[in-house]
Each structure stands twice: as C-alpha cells, then as structure tokens.
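# Report on the structure
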Amino acid sequence: MEITKEQFIKEFKRRLTDEYALDVKDATPEELYQTLASVVKSGYSDIWRKTWKNYIKEDQKQVYYFSIEFLPGRLLKSNLLNMGWYELVDSAFKEMGLSLDEIAEAERDMALGNGGLGRLASAFMDSSASDGLPVNGNGIRYKYGLFKQKFVDGYQVELPNEWLNQGNVWEVARESKAVDVKFGGQVYLEEVDGVLQPVYKNPYIIRAVPYDTGIVGYKNNHVNTMRLWDAQIPASEEVKFPTIESRRKVEDLTSVLYPDDSNEEGRLLRLRQEYFFVSAGLQSIVRHYRKYGKPMSEISEHISVHINDTHPAMCVAEFMRILLDDEKMGWDEAFDQTVKTMSYTNHTIMAEALEKWPVYLIERVQPRIMQIIAEIDRRYALELAKRAETDLISGTRIVNNGIVHMAHLAIIGSHSTNGVAKLHTDLLEQDVLKDFYHLYPERFNNKTNGITIRRWLQIADPRLAKIIDKTIGTKWRSNSKELHNLATHLNDRRLIANIGKAKHQNKVDLAKYIKQTTGIVVSPDAIFDVQVKRLHAYKRQLLNLLKIVKYYLDLKDDPKKDVVPRVFIFGAKAAPSYHYAKSIIKCINEVGNLINNDKTIKDKLKVVFLENYGVSLAEKIIPAADVSEQISTATKEASGTSNMKFMLNGALTVATLDGANIEIKDYVGEDNIFIFGLKKEEVLQYEADHSYQASDYYANDPILHRVLDAFVDGTIPSIGAEGAEIFNSLVHANDEYFVLRDFEDYLRAQGEVEKTYRNPSLWNKKCLVNIANAGYFSSDYTIQKYADEIWHVVPSDPLDGKDCGANGQYPL
Ligand code: 26Q
C-alpha cells in the first residue's frame, strides 16, 4: 500500500512532539532534521532486519568489504530517494511551510575518508544494496572525520571535524556483538598434544564495539549493513590502563582518520588502527559463521573478504591466525581457504604510496601476526625455488630487508588482484607488478571504477534529471545505461537549449553560494572551469594555475583582449604534513587575491578556492561546472571518479590520457572531450631514460618563462617562500610531473574549449553526448562485475511479504 502525504505528516508531527515537545513552526532545522531522519530510519528498519535474516535462511554467501575509509556524505536525501519517499516528503514539507533542502543541510557529512578511495567504498555500499547483493562494509568509526579546512591569509589551517557532536541517527551501537582484539606483548610457540600453540605474554586487550548503519537499496526491499568499529577498554583490562594518559591511548585508536600523506612513514597508531579493524571484523565474521555449524574447511564457499587497497592487507595473516590458532586447522588447508576467501584492489601505482612497514613495528603491534607473515613469506620463497623461478624471488618477497611489503602480502594471500581502470590494470600487469603477473596471470583483472548515478544526478542535479525524464522517460533512474537513449535526441534543439538553461540555473545557485561563503561575485555567464580533488603534485593543480597566470598576464598586456570570461573554481584539501601541496594552495589563493582585486581585469577572470571540499560541497559544485579539469600526468591517476561525475552533469572534460579518462574518451569520442599532453609511453620513456630537461622549457618558451617568473619576481604578492619553492621544483628540480612539458599543449586544448564555448548549441550538444554516455560508469555495474567475477555471489531473492509497495516504496 502506498503511503500518503497525510500519513507521513501525521507521523512526522507526532515524532516532533514526542521527541522535542515542539510544533513544526517552533523547531530548528536541526530538530526537524533529527525528527525526519528518525522517521526515515523506522521506515527501513524492519526491512533491514528481514534482509539479514533472509541471508541466513537462504544460506547466502556473504561479502565483507574491508576499507579503512568510507565517505558516504549525507544520508538523508539518498535514503529518501532509495526508499521512494523523496517526492512525497519534499511536497509534504512544502505543505508544512518547510524546505527539505534547507533541513537536509543540517546533517553533518560522514567524512570518514580522504577522497576517491573512501568515496568508492561508499558508492559500492549503495550499489550493492541497490543490486540486492550480499555485501557488508567493515571499517572504523572515527570520532573525528577528515579535518575541516579553513584558509587564513591564504594558508590552509586544519580544524577538528567533530561530526558526532550532534549524535548520529543512522547508526545502531551493538554492545552485545563486541569482540576483543589482542595487541602487543610477546608470543612464543609451545607444543601441546603435538601441535604448536601460541602462548602470549603481556598482551593487552582492546574491546571493539560495532556500530551498524543500514544501507538502503534503491526501491528494492533490501537493506545491507556497514559496520564501523569503536575501541573501548574492557572491564577486565581496567587495571592496565590506570592513568588518564593510558586511557587516552585507547581512545586514540579510533579517534583520527589519517590523512593521505603517503610520504610519512611508520606511524605506529596507523598500523594499530589497521590491525584493529581487521581483527575485529574477521573475528566477528568467523564467530557468526561458526554459529551456524558449517565446517571451517568450507568457509571460503560462504564468505568473501575484500581488501580495499593494502590498508586491510593484514586480513591475510589475521584470517590465518584465526584458522590456525583458534580453529586448529593445518597450515596448508588454512592457507588454501585464506587465498580463496581474500581478494584485493590496488588503487595506486605511485611507489611511495605502496604501504611498507618495518618488521619490528608489526611485531610490536601484534607479534603473532608478524610470525605468520614471516611464515607465509618463507613458504612462498620455497615454493618459487621449487618452480625454478628463483630470479623472481627477491623482487616479490613479502619480507625483504626487514620491511614488509603489504601489496605483496595481499597478492600472494588472495585469489584476485584488480586495478581500477583499464590503463591502471595494464600498468600493474606490465610494469609495477609484472613479476606477480608472470607468476599468477589468472589472478589479475580490471574493474573500472564507477559512481552512484542516484546521488550525482537524481539528488545533486534535479533540474537536469527532470529534463531527462521528459526526453526519455524515467527508466534511467533504475538502469542508468538507459541514459544512452539521449543520444537519439542530439538534433533536438529545444532539448539542447534546455540543458543549457538548467546548467545556467545551477551556476546561478553556485554563484550565490560563492558570494555567501567567500564574498567573491562571479557571473553565471562565465565559463565555470573546475578542478576539485585532493591536492597532490601528480594531479597537477599547478598546471591549471600556470594557465591562469598566463591568462592574467595576457589581459594585463591587452586589457581589451576578446576572451570568454572564466571563473576558475578549486576545491582541495592537502594532507597537513604535505608541505609542497600546502604551498600550492597558498599560491592559488594569492593568485586569486591578485586577479579578483585587479580592477583592470573586470569580470574576465575570477579565481575561487572554496574551503573544505567534501562530498556535500561536490554536490553543489559539480552540477554547475562547464569544464572538468582531469589533468594528472599520464600513468599517475589510477582511475579518478570525479571525471565521471562531471560528465554525468554535462561538463566537458579537459583531460590527459590517464586513468578512466581514456575510457570516457572511448565512449564520448574525441570530438566531445579535450585531450592533451604526454601519453603513457612518453612518460614511461622519460622516466626510463631521464632525458627530460625541465629547465629547457623555461629557457626556450618565452610564455612559460614569463609565467614562471611571476612566481618569484613579486608579480604575485605574498608568496615569497612558496613562490620560490614552486619555481624551484619546476625549473631546478626537474619538474617530476612534467608540468612544463605539457603546458603548451594544455593551452592549445584550453583554446579549443574557449572556441567551442562561443558556440552554445555546439557546446551543449557535446554536453548531451557526455550525459548520454555517463550511465555506463554507474557503480551498480562495477559492483555487479565484482560479484560475478571475483566474489561469485548472486543477488538475494526478494523478501517474503510485500514490504515495499508496487513502485518500490518502503513502508512508513
Ligand atoms: C596511507 C598510509 C598512511 C596514511 C594514509 C594512507 C592513505 C590514505 C588514503 C593512502 C592512500 C589513500 C587514498 C587513496 C585514493 O583515494 N586513491 C584513489 O582511489 C580512487 C578509487 O579507486 C581512484 O579513482 C584514484 O585515482 C586514486 O587516486
């Protein structure tokens, strides 16, 4: 039965009175949000219960997605959408004189991740629930999300992100499902009845308490679980933590999310976090499995454990520990089950980002785990020697010179290693992991990343969504490949004009936000040229900045120059200890100051660096973008996912042939994307023969010369040290990411952008081609491939009973 608006309003008002003793008109957005969220949660709770009960009844194989980061953003609107409640609630709120949009803003972002990797994990959660797949998330419930970014004098300042201060309606604490995680001390093996048993001396125990969040499937009667662990001191261990300081140490374990500063090595707390959520997750999985009396020798037929990047790679050793020590399984059988259970995704080929830990640190965190890793490694080397592959041994060992290579552990201990875009997987196979590819070709596979079309189009861009409905109907809302039907409307001039109008409206909205938050006035008629992503040298925000400085200098020379006005929009957090990245932020801000306050430039150029980029800000920026900057050095960006979000929202991409940009180009065709820059082969060649001479470009290209000088000659005020640092990195330290090499071709591509933008119908047509092809990048399809080809799990049967109405609406 359908729920009616009246029923909803009645229930909403009743809760508001119950909880707060308030009328609608007296409640704050915060109170209204809390009330609405609690109604929403009740709407799916019974289906949540039935979903996991049904898994047990049907004896379904379960997948556990281990990720040290999840980045769901706000949940209110996506839950409303997936429950089929969105329009009903929107209109009910209007009737009550309330705005859903405004109330939704009261929710704090769940920002338990740095960027792409964490966001992908959350996209996969949403998509597996929506595909009805039995996938559970496993991670850490950080007390503080990724730091909040502010700019002070153009510098990044990091503030704590206390996202839990207002409580978290979506989570359920399950004290009764807590598990104990053993850390530290010493361990030795003792023979008991002919089997070696570990004996621990002076370990300490931390109690892991799970907090579960329901992940609501799209109109399909299906709610999965994301389980995040919190650390507590168990009563039995109180004596070991007598001081406030020692207790704080325990709290610290789940306190902060580590920023992605892959340069910083060997931080003990990070390693403890990794072991903590790995051990808690696996213990609770095995305990659950055991409860149903199935033999341990078949566990790999009933569960899959996915290792999202190397951060949870200790899963391999911890699962072995549980099977060997707790379940008394023999080594060979245990290892066989482990390999069959585990699978691993690699998200980077940057050598410095591949996790390595010194043996002594792992020994300190959990000595038994180090013993097991060493034994896996020893047997691996023995096996290779038998296969006469001795030349491969030293480069592929897990432990080498006192260092544990986590990627090697993940590959050797699992049956599947995948990259996240075609080019990335090719590079893994042919370059970075080629010895492993030679040894285990059947383990390697590609799974190109995807995005949740629901969040990035239905929720973030309702104007565009409505135009699409009118053109091709609404089927795309549950099957995004249907968006391709738009391609049969390329000559529909009204449609093309309407797409332009919707974009303009979105730009008006963003311009308002920019005015509110920065005071900068921008014109929605200018090109909105956007680069939003973590700040990293390889992503080359600097290349973009050099372009801006060039445009500025051009206008200083010739203030009457006929240019299409542009607003350059940035959003990026830099890891707090990543000095170079922070210098780039400072320079962007100062270039912005210079340009935005230069009266002679009028409104031809504006530079806006929005603070605190994250999922919710992305939802405001991306629908308003004309140009999507995807300009990493070829080979460096594993996939990228914002590239897919922008195309979906009808922005045109300026791109290098890197990561998933290549696949985007293959779909939309070369005419509908602006490609420039070095190709993979050229980058690899330079890296091999060291023939690149950055200083030549400075010496020989007068335009570059002048642009670079602006960083050190006072043209850009207030960047003394930072300007010099950047100048030196490019000119004297040989420009690691080929910024100068790609500059000229980048300007050429940007010239094409400008030329095309001058022809609105041509521009908007290209946008339409991009939108029409973006549906292929839904994470719904990506996760289906993981399910089919890696995990071998199937969607579960629809639940008994008719909880959801005919149109997939969840009950009240
Ligand atoms: C490592 C050690 C210590 C502390 C932090 C880290 C750390 C944290 C986060 C290392 C890496 C990350 C995040 C990596 C990441 O987001 N990678 C991105 O993954 C996306 C999804 O596959 C890809 O689209 C991007 O190309 C890739 O950069």
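Owing to the predicted nature of the structure, the values given are computational and were not obtained by experimental measurement.

Further remarks concern the overall build of the protein. Counting its regular elements, the protein contains 32 helices and 25 strands. Taking 28 Å as the expected radius of gyration for a compact globule of 812 residues, we find that the protein reaches 27 Å, a close match to that expectation. Considered along the principal axes of its C-alpha atoms, the protein spans approximately 90 × 70 × 55 Å. Split into buried and exposed, the 812 residues of the protein put 62% on the buried side. Counting only contacts in the protein whose residues sit at least 6 apart along the sequence, the fraction spanning at least 24 positions is 77%. With an accessible surface of roughly 31500 Å², the protein has 50% of that area assigned to carbon and sulfur atoms.

A few words now on the packing of helix 22 (residues 579-596) against helix 29 (residues 720-732). Remark: helix 22 packs on helix 29, axes separated minimally by 9 Å, with the N-to-C direction vectors making an angle of 115°. Both helix 22 and helix 29 take part in a crossing whose hand is left-handed. Between helix 22 and helix 29, the contacting residues are His579, Tyr580, Ser583, Ile584, Lys586 and Cys587 on the first element and Glu722, Gly723, Glu725, Ile726 and Ser729 on the second.

Not every one of the 19 residues close to the ligand is listed here, only the nearest: Leu117, His347, Asn449, Glu637 and Gly640. Residue His347 places a side-chain N or O atom 2.6 Å away from an oxygen atom belonging to the ligand. About the coverage of the ligand: the protein hides 92% of its 610 Å² of free accessible area. Among the elements that take part in the shell around the ligand, helix 6 (residues 116-130) stands out by supplying three residues, more than any other. In the shell around the ligand, the residues fall into seven nonpolar, seven polar and five charged. Taken domain by domain, the makeup of the shell around the ligand includes at least three residues from each of domain 1 (263-447 + 789-795) and domain 2 (453-782).

On to the domain arrangement of the protein, then. In terms of domains, the protein is made up of domain 1 (263-447 + 789-795) and domain 2 (453-782). Placing a centre on the C-alpha atoms of domain 1 and another on those of domain 2 gives a separation of 37 Å. Counting residues at the interface gives 15 residues for domain 1, matched by 16 residues for domain 2. Both faces combined, the contact of domain 1 with domain 2 buries some 1200 Å², and carbon together with sulfur accounts for 64% of it. Summed over the three residues of domain 1 that lose the most area to domain 2, namely Met350, Leu423 and Leu427, the buried surface amounts to 42% of that side. Our count for the contact surface shared by domain 1 and domain 2 stands at zero salt bridges. Between the two partners, domain 1 and domain 2, sit one residue pair in polar contact (both at pLDDT 80 or more). The class makeup of the residues in the side of domain 1 that touches domain 2 is six nonpolar, five polar and four charged.

Nonpolar side chains in soluble globular proteins tend to end up buried together. Counting residues in each nonpolar core, the largest one holds 106 residues, and the members touching the most others are Phe66, Phe276, Leu282, Ile373, Ile376, Val404 and Trp791. Per-element tally for this core: the top contributor is helix 8 (residues 268-291), with 11 residues. The contact partners of Phe66, leaving out residues within four places of it in the chain, are Asn138, Phe277, Val278, Gly281, Leu282, Ile285, Val305, His306, Ile307, Asn308, Pro312 and Cys315.

Right, let's get into the sheet that holds strand 21 (residues 566-571). Strand order across the open sheet formed by six strands is 22-21-20-23-24-25, with parallel pairing between neighbours. Unpaired on one side and paired on the other, strand 22 (605-610) and strand 25 (674-675) mark the two borders of the sheet. Taken together, the four bridges between strand 23 (residues 627-630) and strand 24 (residues 652-655) define a ladder with parallel strand orientation. Residue pairing in the sheet places Ser628 in a bridge with Thr653 of strand 24. The sheet strands contacting helix 20 (residues 493-518) are strand 20 (527-532), strand 21 and strand 22, and the helix crosses strand 22 at an angle near 70°.

This part is about the pattern of salt bridges. All chains considered together, the criterion is met by 58 salt bridges. In this structure, Arg49 and Asp46 form a salt bridge, with 2.8 Å as the shortest nitrogen-oxygen distance. Within this pair, Arg49 and its partner Asp46 are both found in helix 2 (residues 29-57), separated by three residues, close to a single helical turn. Using a relative accessible area of 39% as the deciding quantity, one classes Arg49 as partly exposed. Given the relative accessible area of 33%, Asp46 is considered partly exposed. One salt bridge connects Asp509 with Arg463, and the closest N-O pair in it is separated by 3.0 Å.

So, on to helix 30 (residues 739-757). Every α-helix carries 3.6 residues per turn, so stepping three or four residues along brings you back to the same face. With 19 residues, helix 30 extends 25 Å from end C-alpha to end C-alpha; this agrees with the ideal 27 Å at 1.5 Å per step. The largest bend in helix 30 amounts to roughly 30° and is located at Asp745. All of the buried residues along helix 30 are Val739, Leu740, Asp742, Phe743, Tyr746, Leu747, Ala749, Gln750, Val753, Glu754, Thr756 and Tyr757.

Below, the discussion takes up helix 1 (residues 5-20). Across its 16 residues, helix 1 extends 22 Å between first and last C-alpha, which sits within 8% of the 22 Å expected from 1.5 Å per residue. Along helix 1, the residues classified as buried are Phe8, Ile9, Glu11, Phe12, Arg15 and Leu16. Taken around the axis of helix 1, the buried residues stretch over an arc of 165°, which confines them to a single face. Relative to its buried face, helix 1 has exposed residues pointing more than 90 degrees away, namely Glu6, Lys10 and Asp18. Phi turns positive one or two residues past the end of helix 1, at Ala21, with a value near 50°.

The next thing to look at is the sheet that holds strand 17 (residues 403-405). To summarise the sheet geometry, strands pair through backbone hydrogen bonds and adopt either a parallel or an antiparallel arrangement. A sheet is described by the order of its strands in space; here three strands give the open sequence 15-17-16, paired in antiparallel fashion. Two strands lie at the open edges of the sheet, namely strand 15 (356-358) and strand 16 (399-400), each paired on one side alone.

Here we take up the environment of Ala581. In this structure, Ala581 sits in helix 22. Each C-alpha atom of the pair Ala581 and Val532 lies 14 Å from the other, and the pair is 49 residues apart in sequence. Setting aside anything within four residues of it in sequence, one finds Ala581 in contact with Leu535 and Ala574.

Within the structure shown, the criterion is met by 26 aromatic pairs. Between Phe183 and Tyr275 the ring centres are 5.7 Å apart and the planes differ by 85°, which places this aromatic pair in the edge-to-face class. On the criterion of sequence distance, the pair formed by Phe183 in strand 8 (residues 179-183) and Tyr275 in helix 8 is long-range, its members being 92 residues apart. For Phe183, a relative accessible area of 1% gives the class buried. Taking the relative accessible area as the measure of exposure, Tyr275 reaches 1% and is therefore buried. When the centroid spacing of 6.1 Å and the interplanar angle of 80° are considered together, the rings of Tyr204 and Phe241 count as edge-to-face. Of this pair, Tyr204 sits in strand 11 (residues 204-216) while Phe241 sits in the loop between strand 12 (223-232) and helix 7 (244-252); the two residues are 37 residues apart in sequence, bridging distant segments of the chain. Ring-pair connections join several aromatic residues into one group, and the members of that group are Phe8, Phe12, Trp85 and Phe93. Over the ring of Phe147 we find Lys573; its NZ or CZ atom is 5.4 Å from the centre of that ring.

Right, let's talk about the environment of Lys77 for a bit. Of note, Lys77 is situated in helix 3 (residues 76-82). Taking the relative accessible area as the measure of exposure, Lys77 reaches 19% and is therefore buried. On a C-alpha basis, the gap between Lys77 and Asp101 in space is 8.9 Å, while along the polypeptide they are 24 residues apart. Non-local contacts of Lys77, meaning those with residues more than four positions away in its chain, are made with Tyr86, Asp101, Ala104 and Ile459. Of the polar contacts made by the side chain of Lys77, one reaches the side chain of Asp101; its length is 2.8 Å.

Here is what the cut-offs are and how they apply
- Here the residue numbering is sequential within each chain, running from 1 through the sequence in written order.
- Local features in this predicted model are restricted to residues of pLDDT 70 or higher, and side-chain atom pairs are both shown and tallied only at a pLDDT of 80 or more, whereas totals for entire chains, interfaces and linings draw on every residue.
- With hydrogens and water stripped out, all remaining heavy atoms of the structure feed into the side-chain values.
- To qualify as a helix, a DSSP run of H or I must reach at least 4 residues; to qualify as a strand, a run of E must reach at least 2; elements of each kind are numbered from the N terminus.
- The globule rule is 2.2 Å times the number of residues to the power 0.38, and the radius of gyration it is compared with is taken over C-alpha atoms.
- In this scheme, a residue with accessible area under 20% of its type's maximum is buried, one over 50% is exposed, and one in between is partly exposed, where area comes from a 1.4 Å probe on protein chains only.
- Pairs of residues are marked as contacts when any of their non-hydrogen atoms sit within 4.5 Å.
- For the accessible areas, the method is Shrake-Rupley and the probe is 1.4 Å, while residue cover comes only from the protein chains on display.
- Note on geometry: axes are C-alpha line fits, over the in-contact stretch for helices, and angles between N-to-C directions span 0 to 180 degrees.
- Crossing handedness follows the turn of the near helix against the far one: under a right angle anticlockwise gives a left-handed crossing, and clockwise gives a right-handed one.
- Note on terminology: near, applied to a residue and a molecule or strand, indicates that one of the residue's heavy atoms is within 4 Å of it.
- Counted as a polar contact is a pair of N or O atoms within 3.5 Å, where, for protein atoms, one must be capable of donating a hydrogen and the other of accepting one, and residues adjacent in sequence contribute only when both atoms are in side chains.
- Here the nonpolar group is Ala, Val, Leu, Ile, Met, Phe, Trp, Tyr, Cys and Pro; Asp, Glu, Lys and Arg are the charged ones; every other residue, Gly included, is treated as polar.
- Boundary definitions for the domains trace back to an automatic or database domain assignment.
- By definition, the buried area sums, over both parts, the 1.4 Å-probe accessible area that each loses when the two are put together.
- Each salt bridge in this description consists of a side-chain nitrogen of Lys or Arg and a carboxyl oxygen of Asp or Glu lying within 4 Å of one another.
- Among buried residues, the Ala, Val, Leu, Ile, Met, Phe, Trp, Tyr and Cys ones that are joined through side-chain atoms within 4.5 Å form a nonpolar core.
- The criterion for strand pairing is that DSSP finds at least two bridges linking the strands in question.
- To estimate the expected span of a helix, count its residues, drop one, and scale the result by 1.5 Å.
- Bend, at a single residue, is the angle you get between axes fitted to the 7 residues ending at that residue and the 7 residues starting at it.
- Read the arc as the range of directions from the helix axis to the C-beta atoms.
- Each pair of aromatic rings taken from Phe, Tyr and Trp, with Trp reduced to its six-membered ring, is defined by centres within 6.5 Å and is described as stacked if the planes are under 30 degrees apart, edge-to-face if over 60, and tilted in the remaining cases.
- In this scheme, Lys NZ or Arg CZ marks a charge over a ring once it lies within 6 Å of the ring centre and within 35 degrees of the ring normal.

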